[in-house]
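Next come the chains, spelled out residue by residue.
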Amino acid sequence: MPKSEHKSEAGTAKKSQSRLTRQGQRGGDERFQRALLLILLVVSLTFIIVPKGALTPTEFATGDIVPRDIKAPRDILIPDDELSEQKRKDAEKVVPNFYDYDLTTGAVVSDQVSQILGSLRVSPAEELTAEQQISDLESSFGVKTDKQSFLALKELADQPGIKARVQNIMTQLYRQKIVGNLKLFEADRPKGVVFRSLDTQAEFSDSGQDEVIGLGQLQDSLKKAIGGTELSTRQQNALLELIVPLLRPNITFNQNETEARRQIARDEVKPVLIQVKKGEMIAREGDRITPDQIKRLGALSEDSSTVSLWRNAMGMLLSCFLLVYFAHTFALRNIRKYHPENRDLMFLALVFLFHVLVLKICIFISAALGSAFPYVEQNAYYYVFPFAVGTMLVRIVLNSEISLVFAVLAAIVTGALFGNSFVVMVFVFLTSLAGAHWVRHVTERSSLFRAGLRLGVFNTVLLFALHLMTSRPFDLQLIYKLGFGFAGGLVAAVIVTGIVPLVESIFRYTTNIKLLELANMNNPLLRDLMVQAPGTYHHSVIVGNLAEAAAENIGVNPLMVRVAAYYHDIGKIKKPLYFIENIGGQENRHDKLAPSMSSLILMAHVKDGAELARENRLGKALTDILRQHHGTSLMKFFYDRAKSKAVPGVEQIDERDYRYPGPKPQTREAALIMLADAIEAASRTLVDPTPARIQGMVQKIINNIFIDGQLDECELTLKDIHNIAKSFNIVLRGIFHYRVDYPEPVSKERVNEKGVRSIDEDRDRKSTEQTANQESPPKKGSTEDLKRLGMS
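Residues numbered from 1 in each chain as written. Predicted model: local features only at pLDDT ≥ 70, side-chain atom pairs only at ≥ 80, totals over all residues. Heavy atoms only, no water.

**Some points on a nonpolar patch on the surface**
Item 1. On the surface, Leu357, Ile361, Ile365, Leu369, Phe373 and Tyr375 cluster together into a nonpolar patch covering about 540 Å² of accessible area.
Item 2. Among the secondary structure elements, tyrosine 375 is positioned in the loop between α13 (342-372) and α14 (389-397).
Item 3. With a relative accessible area of 51%, tyrosine 375 lands in the exposed category. (Patch = residues over 30% accessible without salt bridge, like charges linked within 9 Å, V, L, I, M, F, W, Y side chains within 5 Å. Areas by Shrake-Rupley, 256 points an atom, 1.4 Å probe, with all protein chains shown as cover. Salt bridge = Lys/Arg side-chain N within 4 Å of Asp/Glu carboxyl O. Helix = DSSP H or I, 4+ residues; strand = E, 2+ residues; numbered from the N terminus. Buried < 20%, exposed > 50% of the residue type's maximum accessible area, 1.4 Å probe, protein only.)

Following this line, the structure appears as structure tokens:
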């Protein structure tokens with residue numbers, strides 16, 4: 001192997017090792033940051049939620065004297081642990097024992113015997129001694145035998161039909177049920193036995209009538225069956241000695257499944273609860289405390305406001321930690337689009353704290369209003385609170401999946417904040433979901449006010465439905481609640497409208513509103529692209545049309561895709577004349593460059609574009625698409641040119657040097673830009689763009705990208721790719737549509753050199769077919785052979 005190749009491999013290995021080291025360090029830092037953020041979040045929530053001050057709890061022991069009458073302030077359900085445990089044990093006893101029934105056991109044993117006999121028949125006896133063959137037999141099949149039995153087995157192996165006879169014997173024997181321990185099975189039978197066929201997974205109960213035998217009886221039956229054959233006694237003994245170690249039961253006890261089913265039966269037993277009604281006397285003054293009263297008082301103290309501040313705080317701290325941690329972990333592993341980065345988690349934590357803090361302040365305000373306006377119930381003011389603000393912000397900035405998780409957490413924590421109110425929790429959850437739904441595709445700021453109106457109407461209907469469930473009369477308080485609920489929707493919209501620009505500025509998020517601003521063609525970056533690289537600019541516009549149509553077809557945000565298409569090639573601003581679409585009639589600069597240098601220039605436009613995107617604050621989403629829109633695709637033109645110029649056996653051309661640095665598209669949006677980019681560039685090479693040729697070209701380009709593995713890391717399905725191809729075909733057919741050949745006007749007539757009047761041809765209206773027929777082969781060094789250069 002050449003030294004240069006050794007050095008190249010060593011360099012590649014060092015780079016890979018250093019990259020893995022950096023990734024490991026970065027991953028450790030990110031985990032530390034997330035853990036620190038989680039701790040700060042739950043501590044802050046605890047200090048906000050837990051009220052100041054608390055009453056000292058009164059604890060009693062059996063025989064203590066009750067100092068005062070104690071009544072239940074609310075309905076309480078007290079679990080009876082002893083009776084519940086007894087019912088669980090009874091449920092476990094009812095579950096039958098579970099056995100697996102394998103109908104293929106006989107065939108497996110028969111196949112093993114056939115393989116052993118087959119190996120004896122084909123062994124070259126003239127080259128190996130009997131001892132060597134016996135050793136090979138033991139090492140290959142685990143069969144131990146002596147020389148006399150081995151010779152008998154070799155005789156059997158040479159007999160015609162021996163395998164069929166063995167198979168027939170095993171089939172007859174394994175028609176009955178066979179267990180490894182017959183005594184244990186007979187002991188389990190009175191408790192109930194269920195068989196499961198491993199072939200069909202069908203289950204059936206033991207009727208108690210079927211005969212079940214053990215392995216000892218199976219061996220006796222085998223000995224009897226072999227004894228009934230025409231084999232010699234020596235051969236019978238050898239065959240019996242071979243088969244007996246291979247015998248196995250076809251019924252086995254499945255202890256794991258049995259215990260799992262018993263556990264399920266145990267878990268299905270609901271705990272026995274003792275109900276204590278509101279106002280019921282739990283203990284009277286002067287009475288001695290009984291164990292039953294201690295149980296009731298314990299249940300009351302666990303759910304009362306007499307719990308100490310620190311105990312309440314620690315419980316809230318632990319509850320918030322478990323709630324946030326496991327909600328995040330579950331969503332991360334089970335929800336496909338839930339992949340927040342550290343910046344997203346910081347945003348979510350701040351919004352969550354803002355949500356809880358605002359509600360805490362609103363509670364104090366409502367208490368003051370309740371004192372000032374006693375004719376309005378204090379809880380009626382709750383429904384003007386902006387419960388949906390947090391979830392609406394998350395939906396606008398991130399996505400539906402993260403907003404759903406946020407809504408669940410916000411509803412649970414808000415319910416705890418309002419005295420463990422289930423009604424408030426349900427109201428917060430549903431109004432948050434409704435608010436997130438109506439802001440999912442905000443395309444202008446006025447859309448937020450329309451969403452607020454819809455949310456107000458939704459709150460009104462929801463409050464009316466909750467009121468019907470309470471069976472309370474229709475009074476003036478209901479009118480107040482409905483009015484406040486409607487106002488709550490408008491308040492949420494106003495707050496979100498004011499906060500969104502602040503969030504975009506601080507966290508540099510790219511919302512739909514920001515995308516609309518970026519889609520303006522008067523944006524300085526797009527104007528620079530139009531002036532300095534006009535070919536790239538028009539290419540980007542057509543890519544945007546292609547990608548937007550496909551995005552609408554597969555359910556991707558079309559606005560994000562269109563704006564990403566506009567900016568995906570902004571890196572070409574720095575070296576516009578090195579890309580074929582901007583050359584025009586000038587000399588191709590790549591003709592004087594080495595293929596490796598040309599490939600570096602093409603790669604640089606991805607890096608330059610990402611830098612321009614960061615400088616102009618386009619947002620992380622657009623910057624990622626700019627970096628991923630070429631993936632790790634191969635610049636085949638320059639790679640083939642480099643291979644043609646390389647000296648065989650001396651210069652080694654590495655394909656990796658002619659691939660874009662990546663990464664591959666991680667999202668459906670980035671994959672759409674990659675496909676639309678390649679399709680638009682390839683469409684320029686079509687001579688006669690008929691619908692059939694367009695469809696063939698689209699299919700070929702998409703297949704090549706798919707086969708190259710560029711779509712492996714995104715979430716496009718085959719159905720999505722099929723719909724994308726159909727959308728591309730429709731748009732391209734519209735771009736390359738045909739026009740009729742208009743008759744030339746009379747004013748075009750002129751006299752040629754021969755004096756014959758003729759009509760001058762309008763070169764701007766030549767048909768595609770005429771143009772194709774008049775094309776001449778491209779000359780060397782022309783721009784024709786670089787049509788795919790700079791495919792963006």
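**Observations concerning the side chain of histidine 629**
Item 1. Relative to the elements of secondary structure, histidine 629 occurs in the loop between α24 (620-628) and α25 (636-645).
Item 2. Taking the relative accessible area as the measure of exposure, histidine 629 reaches 1% and is therefore buried.
Item 3. Engagement of the side chain of histidine 629 in a polar contact is seen with the side chain of aspartate 569, the distance being 3.5 Å. (Polar contact = N/O pair within 3.5 Å; in protein donor to acceptor, adjacent residues only side chain to side chain.)

**Structural notes on the pairing of strand β3 (residues 97-101)**
Item 1. Of all five residues in β3, five are buried; the element is thus mostly enclosed.
Item 2. Pairing of β3 with strand β8 (residues 251-253), which is carried by three bridges, proceeds in the antiparallel orientation. Bridge pairing in β8 places tyrosine 99 opposite phenylalanine 253. (Pairing = 2+ DSSP bridges.)

**Things to note about the confidence of the model for the chain**
In low-pLDDT segments, the atomic positions of the prediction should not be examined closely.
Item 1. Chain-level statistics for the chain give a pLDDT mean of 80 and a share of 83% at 70 or above.
Item 2. Low pLDDT, under 50, characterises residues 52-57; the predicted model gives this stretch 11 contacts beyond four residues in sequence or across chains. (pLDDT = per-residue confidence, 0-100. Contact = heavy atoms within 4.5 Å.)

**Details of the packing of aromatic side chains**
Item 1. Applying the stated criterion across every chain, the model contains 26 aromatic pairs.
Item 2. Centre to centre, the rings of tyrosine 101 and phenylalanine 204 are 6.4 Å apart; their planes meet at 70°, and the pair counts as edge-to-face. In this pair, tyrosine 101 sits in strand β3 while phenylalanine 204 sits in strand β6 (residues 203-205), placing the two residues 103 residues apart along the sequence.
Item 3. For tyrosine 101, a relative accessible area of 9% corresponds to the buried category.
Item 4. Assessed through its relative accessible area of 33%, phenylalanine 204 is described here as partly exposed.
Item 5. With centroids separated by 5.7 Å and ring planes inclined at 45°, the aromatic side chains of tyrosine 382 and phenylalanine 385 adopt a geometry described as tilted.
Item 6. Phenylalanine 385 sits in the buried class, given a relative accessible area of 6%.
Item 7. Chaining the aromatic ring pairs together yields one cluster made of Tyr99, Tyr101, Phe185, Phe195, Phe204 and Phe253.
Item 8. Above the plane of the ring of phenylalanine 195 lies lysine 177, whose end atom (NZ or CZ) is 5.7 Å from the centre.
Item 9. Stacked on the ring of tyrosine 578, the Lys or Arg arginine 589 has its end atom at 5.4 Å from the ring centre. (Phe/Tyr/Trp six-rings, centres within 6.5 Å; stacked < 30°, edge-to-face > 60°. Lys NZ or Arg CZ within 6 Å of the ring centre and 35° of its normal.)

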